[in-house]
Amino acid sequence: MQQLPEEFIDSLRRLVGEDEAGPMLAAIADEPQSSIRVNSHKLQWSGPERVPWCDDAYYLDGRLTYTFDPLFHAGAYYVQEASSMFLDHVVRTLLDAPVLALDLCAAPGGKSTLLLSALPEGSFLVANEVVRSRVASLAANVTKWGNPSVAVTSGDPSCFARMTDAFDFILVDAPCSGEGMFRKDAGAVAEWSPSGVELCARRQRSILDEAWQALRPGGLLVYSTCTYNIKENEENVRWMTGHLGAEPVPVGTRAEWGITGALDGSSIPVYRFMPHKTRGEGLFMAVLRKPDGDVRPVALPKCKRRSVTIPHDVARLVKSDGRIEVEAPDSNRFVALPGEWKPVVEMIAGNVRVVKAGVQVASVKGRDIIPSHELVMSGLYDNDALPAVELGYDDAITYLRRGQPAWSDVARGYCVVSYSSVPLGLVKGLGNRCNNLYPQDYRILTTHTPEDIRLLVNA
Ligand code: SAM
């Protein structure tokens, strides 16, 4: 591991004391622990060692070669370090009714996909990322996870401050100095400096201030960082209580999880994951409630309904559950969204760039209706609508590389290809050959295939 900056080591000694600094530094120099979260809508899999604070999450005894695991590309699991998954416990403990949720700093989407599994049924998530170059990975991960109750947006937190009192639940997983990632990410060590810590703390307050305006009275904001210092953590929570009137909310935990409380001498309920005490990377989390009060209502626009009849060839692709509505936002595509959230999506689109909302069902090219990759990845796809082709491992990797599929017995027209019965995407059968319709942007880029491939499930 890269040499840690002396100033960081000194700050750690002051934070946890001489006795603990040694074991903590030794843990930081150790190998990170691998863990995954399984998408139970796509795959039934359980490992021997559960992450105790998260449903469907497991420690692994080594890294998977996930770039070469078709189930990873299918969105059947997400590789996420275990401490971050504490959000699952927070959400399942504190929320019991559908919410409009915002993940303000969302790329690459680890916590967004977690929220899509953990939020109460009937909720809707807005996953936002301000940095343009990071939005594609967020959209891809959310698409692969397959839950239709989501919009991906790209805007500055100030766009959300304009939507006063609109959200019931906001996650601010803030950009931070990344001390908790030192053993996973050499770049975080190289970038660290005391002035960087100050800058991060100031930026976090500005983000929190804007997020707070978008939170409805009585709503919950979860603040998290992956850093250890007090400035970016307890001091910011105290700033929120002092300046914004935020009320810290305790969350029940178990002693054996090894979670550490506040390190500033205060008794505010905060949740710290320290690598010498908890199995995971460094993480800080706190939950803050906005006091009850009058809601300043945001105007919800009346949905402009385009009276378009949805063709049978489109409608039959979608499982109908009564909540999902298919519509044609323009003449080139059909999109499915939970009907009750449509006015909210329009309100959001009036304030911030919406990259995608709901699930694209199909696109239209001339007279051809082309089923969309997004649909096949989602839980909305009606499995009986198109012919299916189950691929073996080598064919699945060829498909994910967007190579020319070698298999020949594909029906004419659009077919869904799957691996271990989990859909990977679409092909178009042309009789004696077929076209690979896997999205160009998602394909496996490397032409090198490692010798020792470790898959989650050996099919
Ligand atoms: N929540 C993500 C996950 O679990 O995969 C990780 C989020 S990362 C800790 C913080 C994110 O905040 C980054 O994607 C970064 O691009 C974004 N960010 C950077 N500056 C920001 C700002 N001024 N306002 C909001 N977000 C910002």
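This structure is a prediction, so every number in the text was calculated from the model and none was measured.

**Observations concerning the pairing of strand S1 (residues 34-38)**
Two faces make up the sheet, and in a regular strand the side chains alternate between them.
Part 1 of the reasoning: Here S1 lies mainly inside the structure; five of its five residues are buried.
Part 2 of the reasoning: Side chains of S1 alternate between two faces, with Ser34, Ile36 and Val38 and Ser35 and Arg37 buried alike.
Part 3 of the reasoning: Judged from the four bridges that link them, S1 and strand S2 (residues 57-60) form a sheet pairing that is antiparallel. Bridge pairing in S2 places Ser35 opposite Tyr59.

**A look at the site of the ligand**
Part 1 of the reasoning: The environment of the ligand is made up of 17 residues, and the closest members are Cys105, Gly110, Glu129, Arg134 and Asp173.
Part 2 of the reasoning: At a separation of 2.8 Å, an oxygen atom of the ligand approaches a polar backbone atom of Gly110.
Part 3 of the reasoning: A distance of 3.1 Å separates an oxygen atom of the ligand from a polar backbone atom of Lys111.
Part 4 of the reasoning: For the ligand, the accessible surface in isolation is 600 Å², of which the surrounding protein chains cover 82%.
Part 5 of the reasoning: If you list the elements that add at least two residues to the shell around the ligand, you get helix H5 (110-118) and helix H9 (194-214).
Part 6 of the reasoning: Residues of the shell around the ligand, tallied by class, amount to ten nonpolar, two polar and five charged.

**A word on helix H14 (residues 393-400)**
Part 1 of the reasoning: Every buried residue belonging to H14 is among Ala396, Ile397, Tyr399 and Leu400, and all of these are buried. All buried residues of H14 lie within an arc of 160° about the axis, which places them on one face of the element.
Part 2 of the reasoning: Of the surrounding secondary structure, the elements contacted by the buried residues of H14 are helix H3 (70-73), strand S18 (413-419), strand S19 (422-429) and strand S20 (434-436).
Part 3 of the reasoning: Backbone geometry just downstream of H14 places Arg402 in the positive-phi region, at approximately 65°.

**Section: the sheet that holds S1**
The pairing of strands in a sheet comes from backbone hydrogen bonds and takes either a parallel or an antiparallel form.
Part 1 of the reasoning: Spatial strand order, S2-S1-S3: three strands in an open sheet with antiparallel pairing. Among the strands making up the open sheet, the edge pair consists of S2 and strand S3 (77-79). Strand-to-strand twist across the sheet, computed as the mean angle between neighbouring axes with direction ignored, equals 30°.
Part 2 of the reasoning: With respect to the sheet, H5 is in contact with S1 and S3, its orientation differing from that of S1 by roughly 40°.

About the cut-offs
- Residues numbered from 1 in each chain as written.
- Predicted model: local features only at pLDDT ≥ 70, side-chain atom pairs only at ≥ 80, totals over all residues.
- Heavy atoms only, no water.
- Buried < 20%, exposed > 50% of the residue type's maximum accessible area, 1.4 Å probe, protein only.
- Helix = DSSP H or I, 4+ residues; strand = E, 2+ residues; numbered from the N terminus.
- Pairing = 2+ DSSP bridges.
- Near = heavy atom within 4 Å.
- Polar contact = N/O pair within 3.5 Å; in protein donor to acceptor, adjacent residues only side chain to side chain.
- Areas by Shrake-Rupley, 256 points an atom, 1.4 Å probe, with all protein chains shown as cover.
- Nonpolar A, V, L, I, M, F, W, Y, C, P; charged D, E, K, R; others polar.
- Arc of directions from axis to C-beta.
- Contact = heavy atoms within 4.5 Å.
- Axes fitted to C-alpha atoms, helices over the stretch in contact; angles between N-to-C directions.

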